[in-house]
Amino acid sequence: MSCDLTDPAILEAYNEIVSGVPTNWLILGYHDTRDKISLYSKGTGGLHELAANLKEEVLYGFVRIEDRFALLAYVSEQVSGLRRARALVHGKAVGTLFKASNVQLNTTNLAELTEERVRARLGLTEGPPTPEATTPAIPSTPEPVVAASPVPAARPVTPPVSPPPSVEPAVIDTVVQPEVTSPSPIKNSSPRSGPSTPRTERQMEIETAERKAREEMERQRYAEVAKRQKETKEREAREQELFAQKQASEFERKHKEETDRAARETMKKQLIEMEHLRGLGLSGYITIQGAGSPFWKRRFYVMRGQVLAFFRDENDRAPVSQMSLGGQVLHIEDASLEVLIPHSFRVDLKNGDIHYFFSDTTKDKEMAIAGFMKCNEST
């Protein structure tokens, strides 16, 4: 949670304030960044002008009042908890840079930034004793002793000297005793150095903010770990589901191929029996795209033995073309996805020619494929 204080304008304005020139305040802010702090503004109108320039965000101020310096951390109540914690940590870095500050004030309310409150924190108001007043004075010599003593009144603050012969030893002891056994100074903090309690509270605020920031980072880290674990489980579940779907699809495809193959074998046997009994071959209408041709042509076909003959219609006596299929068919497969036409199939011949066909119904398609297989195997 370190911050960037490299803006050269910051030190320039700070040096102006501590050097005693008319500039006596500045304001630092983030300019919509996360950790980079820059100089917002500076001026000569003191604390009142500084407070008038504060906005509803996280800002740091530095002001000179007489010969004292105050560092201000203003965190608007509209700021989120995480940015509030980060501001306390960054305020410590700003305080380290502004070494001349005598006191540091944290506030969320502009009404708290009064001249009287800041002057009181700086020890510039009347009421609390000054350092000189808190230093114990040497007790005055009792009136009777001072009157009987020839020693001047100023003698108690000078080092002890040998008493004149005319003075009693007891009187001399009474006069110089305060100098030798002066009481220890009262251990009160000087108003000009700032009370110790606010400094302790500031340290506690920083430690609390750092602890909250660490806890927030830990929560975020745990949340990220939990999120990654959840995403991993969801991905594995999707992969398993896809694998199962793929297996089911593959099984269904093989089952369909086996079913189609069995149906074609049955049709082929029926065609063979029909030809033996009646001397007729398979016939019907089919649409063909010959090898190397981009056009589809509807033809009436007749399969006899190893020959497939094509006619313009069923009344035409002479075929327009023929195919000798005996042992020439290399492969037959569905072509619905290839040519995007229902009931279509593809026939690959051993000489490299490829022919596409489509029938009017699925039954006609299966019957035609069975006829191709029969013609290919006929001897």
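Note: the structure precedes this text.
Residues numbered from 1 in each chain as written. Predicted model: local features only at pLDDT ≥ 70, side-chain atom pairs only at ≥ 80, totals over all residues. Heavy atoms only, no water.

A. Seen up close, the overall build of the chain. The secondary structure content of the chain amounts to 10 helices and 12 strands. Here the chain, with 379 residues, has 35% of them falling under the buried criterion. Restricting to contacts in the chain with at least 6 residues of sequence separation, those with at least 24 account for 52%. A total accessible area of about 23600 Å² is found for the chain, and carbon and sulfur atoms account for 54% of it. (Helix = DSSP H or I, 4+ residues; strand = E, 2+ residues; numbered from the N terminus. Buried < 20%, exposed > 50% of the residue type's maximum accessible area, 1.4 Å probe, protein only. Contact = heavy atoms within 4.5 Å. Areas by Shrake-Rupley, 256 points an atom, 1.4 Å probe, with all protein chains shown as cover.)

B. The nonpolar core, seen in detail. Ranked by internal contacts, the top residues of the largest apolar core, which has 21 residues, are Leu26, Leu28, Tyr60, Phe62, Val94 and Phe98. Listed by contribution, the elements that provide at least two residues to this core are helix H1 (8-19), strand E1 (25-29), strand E3 (58-65), strand E4 (68-75) and helix H3 (81-97). Setting aside residues no more than four positions away along its own chain, Leu26 makes contact with Ile10, Ala13, Tyr14, Ile17, Leu39, Ser41, Lys42, Leu50, Tyr60, Gly61, Phe62 and Phe98. One finds Tyr301, Met303, Val347 and Leu349 within the second-largest nonpolar core, a separate group that totals 20 residues. (Core = buried A, V, L, I, M, F, W, Y, C linked by side-chain atoms within 4.5 Å.)

C. Representation of the pattern of salt bridges. A complete count under the given rule lists 14 salt bridges for this structure. Linking Asp360 and Arg298 is a salt bridge whose minimum nitrogen-to-oxygen distance equals 2.9 Å. You can see Asp360 sitting in the loop between strand E12 (354-358) and helix H10 (362-377) and its partner Arg298 sitting in strand E7 (residues 297-304), a full 62 residues away along the chain. On the basis of relative accessibility, which here comes to 40%, the residue Asp360 falls in the partly exposed class. By relative accessible area, Arg298 is classed as partly exposed at 41%. The shortest N-O distance in the salt bridge between Asp334 and Lys365 comes to 2.3 Å. Here Lys365 lies in helix H10 and Asp334 lies in strand E10 (residues 329-334), a separation of 31 residues in the sequence. Assessed through its relative accessible area of 9%, Lys365 is described here as buried. Connected through salt bridges with shared partners, the residues Glu250, Arg253 and Glu257 form a single ionic network. (Salt bridge = Lys/Arg side-chain N within 4 Å of Asp/Glu carboxyl O.)

D. Region of the structure containing H3. Taking 1.5 Å as the rise per residue, H3 with 17 residues should run 24 Å; its terminal C-alpha atoms sit 25 Å apart, in good agreement. Listing the buried residues of H3 in full gives Ala85, Arg86, Ala87, Leu88, Val89, His90, Gly91, Val94 and Gly95. (Expected span 1.5 Å × (residues − 1).)

E. Region of interest: the packing of aromatic side chains. Per the counting criterion, the structure on display carries 11 aromatic pairs. Taken together, a centroid distance of 5.0 Å and an interplanar angle of 50° make the contact between Phe62 and Phe98 tilted. With Phe62 in strand E3 and Phe98 in the loop between H3 and strand E5 (103-107), this pair connects stretches of sequence that are 36 residues apart. Judged by its relative accessible area of 0%, Phe62 is buried. Phe98 gets classed as buried once you look at its relative accessible area, which sits at 0%. (Phe/Tyr/Trp six-rings, centres within 6.5 Å; stacked < 30°, edge-to-face > 60°.)

Function-wise, these values are silent; they only describe arrangement.
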